[in-house]
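So you can see what is in the structure, the chains are spelled out below.
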Amino acid sequence: MTGWRRGVVWAVAAAASLTCAGVTLLLWLKDLSTAGIVAGLAADTVTLVMTVFAVRALVLQSAQTTSQATASGAGSVAAGGSIGRAVTGSNNQRTGGTPTPAPGSPAPGGRAEASGTKSVAAGGSIGEAVTGDGNST
């Protein structure tokens, strides 16, 4: 953890430590009325902060795409992300080198479905797909 997040964690830890020490001091001095008010305020603040974090996590989780791939045909290939090379069929020969992926950021993963014989599907990008029998790649 780096950057501003580390600072936030340290600030929250320091505030929690000071609050705990203050409530302990008030209890030690037998000022129960003030200690109860401070403890209640601290509990309400923590509850509010945790509610904000929970709502944020739920919103971020629902915004993410889930990767789901289904391949139902004989020799079919499906991937929720990207596929570099997919070769289906029989008696295929590889004669060339492995293709290098295209520069740039990878495509986002998503739902993919390959339902026919020797079919190929990807939620991202497909570098090379060879289907059929007796191909030279």
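Provided above is the structure to which this section pertains.
Rules behind the numbers
Residues numbered from 1 in each chain as written. Predicted model: local features only at pLDDT ≥ 70, side-chain atom pairs only at ≥ 80, totals over all residues. Heavy atoms only, no water. Helix = DSSP H or I, 4+ residues; strand = E, 2+ residues; numbered from the N terminus. Buried < 20%, exposed > 50% of the residue type's maximum accessible area, 1.4 Å probe, protein only. Areas by Shrake-Rupley, 256 points an atom, 1.4 Å probe, with all protein chains shown as cover. Patch = residues over 30% accessible without salt bridge, like charges linked within 9 Å, V, L, I, M, F, W, Y side chains within 5 Å. Salt bridge = Lys/Arg side-chain N within 4 Å of Asp/Glu carboxyl O. 1 Å grid on protein atoms, 1.4 Å probe; cavity = no way out; pocket = protein on both sides within 12 Å on 5 of 7 lines; lining within 4 Å. Points joined across faces, edges and corners; volume = space filled by probe spheres on them. Nonpolar A, V, L, I, M, F, W, Y, C, P; charged D, E, K, R; others polar. Expected span 1.5 Å × (residues − 1). Contact = heavy atoms within 4.5 Å.

Trainee: Describe the overall build of the protein chain, naming the residues involved and giving the relevant values.
Mentor: When you go through the protein chain residue by residue, the secondary structure sums to 2 helices and 6 strands. For the protein chain, the α and β elements follow one another from N to C terminus as α-α-β-β-β-β-β-β. The buried share among the 137 residues of the protein chain stands at 12%. A total accessible area of about 9900 Å² is found for the protein chain, and carbon and sulfur atoms account for 63% of it.

Trainee: Quick rundown of a nonpolar patch on the surface? Include the residues and the values.
Mentor: On the surface, a nonpolar cluster with roughly 570 Å² of combined accessible area is contributed by V46, L48, V49, M50, V52 and F53. Locating F53 in the fold gives a position in helix α2 (residues 32-63).

Trainee: Hey, could you go over the layout of surface pockets for me, with residue numbers and the actual values?
Mentor: Rolled over the atoms, a probe as big as a water molecule pinpoints where empty space is left. Taken as a whole, the largest pocket encloses approximately 490 Å³ of empty space. Lining the largest pocket are 14 residues; nearest its centre among them are V8, V12, V49, M50 and F53. Only α1 (4-28) and α2 provide two or more residues apiece to the lining of the largest pocket. In terms of residue class, the lining of the largest pocket is built from 10 nonpolar, 2 polar and 2 charged.

Trainee: A description of α1 should follow, citing residues and the corresponding values.
Mentor: Its 25 residues give α1 an end-to-end C-alpha distance of 36 Å, which sits within 8% of 36 Å, the value for a rise of 1.5 Å per residue. Just downstream of α1 lies K30, where phi reads positive at about 65°.

Trainee: Run through the environment of A39, naming residues and quoting values.
Mentor: By secondary structure assignment, the location of A39 is in helix α2. Measuring from C-alpha to C-alpha, the distance between A39 and V23 comes to 6.7 Å, with 16 residues separating the pair along the chain.

Trainee: I'd like to hear about the environment of D133, residue by residue, with values.
Mentor: If you trace the backbone, D133 turns up in the segment after β6 (126-130). Each C-alpha atom, one on D133 and one on G89, is 4.8 Å from the other, the two residues being 44 residues apart in sequence. Apart from the residues lying within four places of it in its own chain, the contact partners of D133 are G89, S90, N92 and K118.

Trainee: Any chance you could break down the environment of S119 for me, citing the residues and the numbers?
Mentor: Of note, S119 is situated in the loop between β4 (112-114) and β5 (120-122). When the C-alpha atoms of S119 and T88 are compared, they prove to be 8.0 Å apart, with 31 residues separating the residues in sequence. If sequence neighbours within four positions are ignored, S119 has contacts with G75, S76, V77 and A114.

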